[in-house]
Amino acid sequence: MNTTAAKATTCGTKKLSLVRVVVAFAFIIGVGYVGREYVQQKHIVEEVHEEAHDPWFAAYADVVSVPRYSFEQLGATSTKDVILSFIVSSAKEPCVPSWGSDTTMDEASIDLDLDRRIARLRQQGGKIAVSFGGAINTELSVSCKDNDQLYSAYNAVITRYDLDTIDLDIEGQALRDIESIERRAVTIARLQKDYQDKEKNLAVWLTVPVSPQGLTQEGVNFVAHMLLRGVDIAGINVMTMDYGESRQGKSMVDSSLEALMETHRQLKILYAQAGIHLSDASLWTKIGATPMIGQNDIADEVFTVEDAKAINAFAMSRKMGRMSMWSANRDTPCGENYVDVKVVSDSCSGVKDAAFSFAQALHVGFDGSFEQSAGIRTVSDPESNVVIEDDPQSSPYQIWKPTGAYPKGVKVVWHGNVYEAKWWTKNDLPDHPVLQAWETPWRLVGPVLPGEKPIEQLKLPDGTYPTWAGGVIYDGGDRVLFEGSPFQAKWWNQGESPAASAANPDNSPWIPLTQSQINEILGNKQEK
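The numbers attached to residues start from 1 for each chain and follow its sequence in the written order. Under the rules for a predicted model, residues below a pLDDT of 70 receive no local features and side-chain atom pairs below 80 are neither given nor counted, while totals for whole chains, interfaces and linings still include all residues. The side-chain numbers reported here are obtained from all heavy atoms of the structure, hydrogens and water having been left aside.

Caption draft 1: Expanded view of the nonpolar core. Within the largest apolar cluster, 103 residues are counted, with the highest numbers of intra-cluster contacts made by Leu84, Trp99, Leu114, Tyr161 and Leu168. For this core, the element with the highest residue contribution is helix H7 (residues 252-273), accounting for eight residues. In this structure Leu168 touches Phe132, Tyr154, Arg184, Ile188, Val204, Trp205, Leu206, Thr207 and Met226, once residues within four positions along its chain are discounted. Counting residues in hydrophobic clusters, the runner-up holds 16 residues, among them Ala58, Trp205, Met241 and Trp326. Side-chain atoms within 4.5 Å are what join buried Ala, Val, Leu, Ile, Met, Phe, Trp, Tyr and Cys residues into a set we call a nonpolar core. A simple rule labels every residue: compare its accessible area, found with a 1.4 Å probe on the protein chains alone, to the largest value its type can have, and call it buried under 20%, exposed over 50%, or partly exposed in between. Secondary structure follows DSSP: runs of H or I at least 4 residues long count as helices, runs of E at least 2 residues long count as strands, and numbering of each begins at the N terminus. Any two residues whose heavy atoms approach within 4.5 Å at even a single point are treated as in contact.

See below:
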């Protein structure tokens, strides 16, 4: 995409004692291994209470796009806050911050009336954050290789625009540039500490690409390194867009929801590796989503207003910390003279919905602000290490057992969550802390809901398959009914009861049909 952003959540300002966080993280560089470093970082922290959840919405606005977008007009709407994009290195001087590489901050004040327009937005109650990076130009840490000059460059932007929240939109080659990742992490940690020492807030959001399988390995490394260097990350904003082949035929909504669930799972592991243990609820407040509204950069990917409503509903149900969109510039239909809406425009969505339709759909319930969220400090939740004991009377599916064998499609309950097997598995913990989705046979579906009861398992009617008999010879692939439940033979057998498959699944020649297989069979019978 051509931009993205992020933000934080807010809480009270009760200061606790200094908390020493020992960060231990094994950082992978490409195919090489850099080793494990231990960093002691002091944090002044504020407790994050679930009831203090106060999520915010802000659209991105491209400052240098043509035609110029009047972001200050948002001050007269219900979605007043905006994330101005993008600050990058000047094409002439790599350690000088600029808008879009060609326009310094001083030039933007004159040529774009930027300072005056920001003041106008603020007059109307709007707030701004600034995003660094993006997909097209060069982020400051990539080209500015002097740490002190880099510090001054970031600080100049924060000071000029009086910011309490910044967004680091790191993608493409910048996400693979390990030296710049290190420079950025060290510099941002230094900046944040200096601001905290002055009793000022500086919330730092990380905006990264995502697929339905979650953060890429490069994205994981970026987040881990920021934690390693002691940055108190306000949240991770994932770009729920431009999935390409990773979508695998799924809808935009389903792809986005899977991406958010996987990111949540990965963040739990990353924070734990950094010595910070957060509850599921606290982690959701540190996640944001930024869809590309309307026509995406990939021709067959279109994000509709209905999609926006669905993602908003999911975000509110999980109490996510923020919602955004790329971009405010595009939240209007294309004119009649715009011939091919499949060609992405910087100034219209490519769909026919009225102006501000996407902002209104995504904004529902996200009524917080930058100022409120910027005051949060991250601290381990006392209850985060409490293990949920699964109760068969309130679990919708069977509780996972290490001795069980689980074919593809089977759902189980483990530590208060429902998981679905992606392929046949045995002895694989559903919540095993692996960072990439392909490393685990389980897909996290979501939590066990209050008041749930065991779901009655469907069975096939008598006569669907022959009843198993001990004297019959069965070939691989044959199906039988045993006490009303269907089984399929894995290989030739005779006299071996399907009853033994649960106790000794590896050696049993029988495997039970999954509920999805049973549903398919029942569906086919109804059609006939």
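Caption draft 2: Broad picture of the environment of Val66. Structurally, Val66 is set in the loop between strand E4 (59-62) and strand E5 (82-89). Residue classification places Val66 among the exposed residues on the basis of a relative accessible area of 75%. Sequence spacing of Val66 and Asp346 is 280 residues, and the spatial spacing of their C-alpha atoms is 7.8 Å.

Caption draft 3: Quick peek at the sheet that holds strand E20 (residues 417-421). With mixed pairing, the four strands of this open sheet are ordered in space as E17-E19-E20-E22. Single-partner strands in this sheet number two, and they are strand E17 (398-399) and strand E22 (442-447). When DSSP finds two or more bridges between a pair of strands, those strands are recorded as paired. As paired elements, E17 and strand E19 (residues 411-414) share two bridges and run parallel to each other. Across the sheet, Ile399 pairs through a bridge with Val413, a residue of E19.

Caption draft 4: Structural detail: the pairing of E20. Where burial is concerned, most of E20 is hidden: five out of the five residues are buried. The two faces of E20 match: Asn417, Tyr419 and Ala421 on one face and Val418 and Glu420 on the other face are all buried. Taking the residues between adjacent antiparallel strands as the criterion, E19 and E20 are bridged by two residues, where His415 takes a positive phi near 55 degrees. The sheet contact formed by E20 and E22 spans five bridges and is antiparallel. For Ala421, the partnering residue across the bridge sits in E22 and is Trp442.

Caption draft 5: Layout of the packing of aromatic side chains. Stacked, tilted and edge-to-face pairs are distinguished by plane angle, under 30 degrees for stacked and over 60 for edge-to-face with tilted covering the rest, among Phe, Tyr and Trp rings (Trp via its six-membered ring) whose centres lie within 6.5 Å. All chains considered together, the criterion is met by 13 aromatic pairs. Relative to Trp326, the ring of Phe86 lies with its centre 5.9 Å away and its plane at 20 degrees, an arrangement referred to as stacked. Note that Phe86 is positioned in strand E5 and Trp326 in the loop between strand E16 (322-323) and helix H10 (357-363), a separation of 240 residues in sequence. Summarising the burial analysis for this pair, Phe86 and Trp326 share the class buried.

Caption draft 6: Seen up close, the pattern of salt bridges. A pair is scored as a salt bridge if a Lys or Arg side-chain nitrogen falls within 4 Å of a carboxyl oxygen belonging to Asp or Glu. The final tally for this structure, using the stated rule, is 14 salt bridges. Asp113 is the partner of Arg116 in a salt bridge, and the nearest nitrogen-oxygen pair spans 3.7 Å. The exposure class of Arg116 is exposed, given its relative accessible area of 61%. Residues Arg247 and Glu301 are paired through a salt bridge, measuring 3.8 Å at the closest nitrogen-oxygen approach. Residue Arg247 is found in the loop between strand E12 (233-240) and H7, and its partner Glu301 is found in the loop between strand E14 (294-295) and strand E15 (302-303); the two are separated by 54 residues along the sequence. Accessibility assignment for this pair places Arg247 and Glu301 in one class, buried. One network of salt bridges, in which partners are shared, links Asp106, Asp115 and Arg160.

Caption draft 7: Representation of the state of the cysteines within the structure. Any two cysteine sulfur atoms lying within 2.5 Å of each other are counted as a disulfide. In the structure shown here, the tally under the stated rule is two disulfides. Here Cys95 pairs with Cys144 through a disulfide, and the sulfurs are 2.1 Å apart. In this structure, the disulfide formed by Cys95 and Cys144 twists by about 95 degrees around the S-S bond and is classed as right-handed. You can see Cys95 sitting in the loop between E5 and strand E6 (97-99) and its partner Cys144 sitting in the loop between helix H3 (140-143) and helix H4 (147-160), a full 49 residues away along the chain. The pair Cys95 / Cys144 is uniform in exposure class, with both members buried. When the bonded cysteines of the chain are numbered from the N-terminus onward, they pair as 1-2, 3-4.

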